[in-house]
Amino acid sequence: MQGLMSLTANRPDFWMSLVVILIMLGMGVYFLIFMFRNIRADAEKADQER
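My aim in this report is to walk through the structure given alongside it, one point at a time. (Residues numbered from 1 in each chain as written. Predicted model: local features only at pLDDT ≥ 70, side-chain atom pairs only at ≥ 80, totals over all residues. Heavy atoms only, no water.)

Some points on the overall build of the protein chain
In step 1: The helix and strand tally for the protein chain stands at 2 helices and 0 strands.
In step 2: In terms of overall size, the protein chain is more extended than a compact globule, its C-alpha atoms giving a radius of gyration of 20 Å where 50 residues would be expected to give roughly 10 Å.
In step 3: For the protein chain, the residues scored as buried account for 2% of the 50 residues in total.
In step 4: Carbon together with sulfur atoms contributes 70% to the accessible area of the protein chain, which is approximately 4,800 Å² in total. (Helix = DSSP H or I, 4+ residues; strand = E, 2+ residues; numbered from the N terminus. Rg over C-alpha atoms; globule rule 2.2 N^0.38 Å. Buried < 20%, exposed > 50% of the residue type's maximum accessible area, 1.4 Å probe, protein only. Areas by Shrake-Rupley, 256 points an atom, 1.4 Å probe, with all protein chains shown as cover.)

Right under this line is the structure:
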């Protein structure tokens, strides 16, 4: 555990990379939820029009 702490303690590049990765994963999850929600709404709309 001490080795991990010494590797990440004074490494702003590590923390910036971690923040960017987390933001990108969050955006991916948001867009997947958005896409599936709209697909479901379009399918319901198509069923109502039939």
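A few points about the packing of aromatic side chains
In step 1: Here the structure, examined in full by the defined rule, presents 3 aromatic pairs.
In step 2: On the basis of an interplanar angle of 80° and a centroid distance of 4.9 Å, the ring pair of Phe-14 and Trp-15 is categorised as edge-to-face.
In step 3: On the accessibility criterion, Trp-15 (41% relative accessible area) is partly exposed.
In step 4: Each ring, one from Tyr-30 and one from Phe-34, has its centre 6.2 Å from the other, and the planes form 20°; the classification is stacked. With Tyr-30 and Phe-34 both in helix 2 (residues 12–49) and 4 residues apart, this pair spans about one turn of that helix.
In step 5: Given a relative accessible area of 51%, Tyr-30 falls into the exposed group. (Phe/Tyr/Trp six-rings, centres within 6.5 Å; stacked < 30°, edge-to-face > 60°.)

Quick word on the environment of Met-16
In step 1: Inspection of the secondary structure assignment puts Met-16 in helix 2.
In step 2: A sequence separation of 26 residues divides Met-16 from Asp-42, and the C-alpha atoms of the two residues are 39 Å apart.

Nothing here speaks to function; it is all geometry.
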